[in-house]
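Tertiary structure, described
For reference, the chains in residue letters:
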Amino acid sequence: MTIADDINPISPLAMTREQFVAACAQLGVGSGRAKTGYAKVYRQGIAHAQPAKITVPPIVKRLEEQTPEGLTIKFVQRLPNDNHQLAHKGIDFDDIESVIIPMIGRSTRKTHTLCVSSQVGCAMGCGFCETAQMGLIRSLTAEEIVAQWWAAKHIEGIHIDNIVFMGMGEPLDNLDEVFRAIECLTDRAGAAIPMSAITISTVGRVDGLRRIKQQVQTHGWRKLGLALSLNAPNDQVRDELMPLNKKWNMQGLQDILVELREVRGGRKIMIEYVLIPGVNNASEHAAQVAEWMKPFMKGTIAAGKKRGHGGLLNIIPYNPIRNSPWPAPTEAQVEEFVGWLMNHGIFVNRRRTKGRSTMAACGQLGTEEIRKRNFVPLTTNQECND
Ligand code: SAH
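Keep in mind that what you see is a predicted model, and the values were worked out from it rather than measured. (Residues numbered from 1 in each chain as written. Predicted model: local features only at pLDDT ≥ 70, side-chain atom pairs only at ≥ 80, totals over all residues. Heavy atoms only, no water.)

Moving on: the site of the ligand. Lining the immediate surroundings of the ligand are 23 residues, of which Phe-128, Glu-170, Ser-201, Ser-229 and Asn-319 lie closest. One of the backbone N or O atoms of Gly-169 is found 3.1 Å from a nitrogen atom in the ligand. Here an oxygen atom of the ligand sits 3.3 Å away from a polar atom, N or O, in the main chain of Thr-202. Across the complex, the protein chains shield 96% of the 530 Å² of accessible surface that the ligand would expose by itself. Counting residues per element, the ones that place at least two in the shell around the ligand are strand 10 (198–202), strand 12 (269–275) and strand 15 (311–317). (Near = heavy atom within 4 Å. Polar contact = N/O pair within 3.5 Å; in protein donor to acceptor, adjacent residues only side chain to side chain. Areas by Shrake-Rupley, 256 points an atom, 1.4 Å probe, with all protein chains shown as cover. Helix = DSSP H or I, 4+ residues; strand = E, 2+ residues; numbered from the N terminus.)

Here is the structure:
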């Protein structure tokens, strides 16, 4: 028996290979053994390969839906929960949801995007979002975020090309763990997801966006993708839909995004717009959105190359939440709104809603049982966890 067989195994989840090698060295395990263990966990999907051992929360529910681009899969992992407040209510687990979304790209190559959760529930309180109705239960650890990738890749058996933080939760409410997870997921010796294939989506916490501005100026982080859920044409509507807007309004958001655009060398920032009939779909709304987008629409000159446009608007048809006061937009309403925006010179992407019937679409994450646990107050006034 060698020393690597002898020791208590270590979990490399949320570690880079280098970090894992260092942790193993502390226990007297050589780097060769450590690297092999790491590769077996990440590349071959072996959960226990001395000196590495991971525990991945089991998949307790799984839904599939056929879409024109392929099979969309939602899976629910059950995390252990030692929160006694919950235990006395007879609830001793946390469920989180992830969605694997197939996409056929321009080259007609099929890719898969994994939509990950960063929290159980969410504290942001957006009125149109299913997850928000739960309140925040807790934030996920980096290990729990990476375990969603591991489950998609090695339990579902699907190669993941892109990762978007658009599942349950507000990633900027949990930025330390989100950064740690991304550091691990981009390690070439492990999951090997390119930084440019990872996108953080936010309601627009300006304090968190400032931290991202610092982070993208460090080595290897420059190409991190960013998305902002704008969802409104003006502060009046945004205050109503997204309580956080009362703290950081659309002007403040525009300012920080312009700064980010500079440090990111003109890379596009995705602007998400959930189209809700009777709320944000009027023609004057299209004009206001176009006006707000103006600073991002100019081409930039970076590194001597013309990079094109810094902003891209994604129109997402509203997917009604349970007991929704609003209906879904009709096809005609979506087309009409897209038309107005294009007339204003905005680049618009129409995002098809996937997995509507399985409740797998963005913003639909939140299961019936866990929604009942709405006891954590909204914390939109909380500072970012730095
Ligand atoms: N908190 C982050 C990430 C989670 S939401 C954020 O807000 O960006 C991911 C996306 O789904 C956001 O763009 C959000 O606006 C959108 N969304 C939320 N509820 C939705 C719904 N009911 N129908 C369609 N999109 C929704």
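Bringing helix 5 (residues 142–155) into the picture now. The end-to-end C-alpha distance of helix 5 is 19 Å, a good match for the 20 Å that 14 residues give at a rise of 1.5 Å each. Counting buried positions over the 14 residues of helix 5 gives 10, a clear majority of the element. Taken as a whole, helix 5 has its buried residues at Ala-142, Glu-144, Ile-145, Val-146, Ala-147, Gln-148, Trp-149, Trp-150, Ala-151 and Ala-152. Looking one or two residues beyond helix 5, the residue adopting positive phi is Gly-157, at roughly 75°. (Expected span 1.5 Å × (residues − 1). Buried < 20%, exposed > 50% of the residue type's maximum accessible area, 1.4 Å probe, protein only.)

This paragraph deals with the environment of Asn-249. Structurally, Asn-249 is set in the loop between helix 8 (235–241) and helix 9 (250–263). You can call Asn-249 partly exposed: its relative accessible area is 33%. Taking C-alpha positions, Asn-249 is 9.2 Å from Val-206, a pair spaced 43 residues apart along the chain.

This paragraph deals with the pattern of salt bridges. Taken as a whole, this structure holds 15 salt bridges when the rule is applied. The shortest N-O distance in the salt bridge between Asp-161 and Arg-109 comes to 3.5 Å. You can see Asp-161 sitting in the loop between helix 5 and strand 9 (162–165) and its partner Arg-109 sitting in the loop between strand 5 (93–104) and strand 6 (110–115), a full 52 residues away along the chain. Overall, the relative accessible area of 14% leaves Asp-161 in the buried class. Across the salt bridge formed by Lys-294 and Glu-291, the nearest N and O atoms sit 3.3 Å from each other. Residue Lys-294 and its partner Glu-291 are both found in helix 10 (residues 283–297); the two are separated by 3 residues, about one turn of the helix. (Salt bridge = Lys/Arg side-chain N within 4 Å of Asp/Glu carboxyl O.)

Our next topic: the packing of aromatic side chains. Here the structure, examined in full by the defined rule, presents 8 aromatic pairs. Geometrically, the ring pair formed by Tyr-273 and Phe-337 is stacked, given 5.4 Å between the ring centres and 20° between the ring planes. Of this pair, Tyr-273 sits in strand 12 while Phe-337 is found in helix 11 (residues 331–343), placing the two residues 64 residues apart along the sequence. Of the residues examined, Tyr-273 reaches a relative accessible area of 0% and is grouped as buried. With a relative accessible area of 0%, Phe-337 lands in the buried category. With centroids separated by 6.3 Å and ring planes inclined at 80°, the aromatic side chains of Phe-337 and Trp-340 adopt a geometry described as edge-to-face. Separated by 3 residues within a single helix, Phe-337 and Trp-340 lie in helix 11, roughly one turn from each other. (Phe/Tyr/Trp six-rings, centres within 6.5 Å; stacked < 30°, edge-to-face > 60°.)

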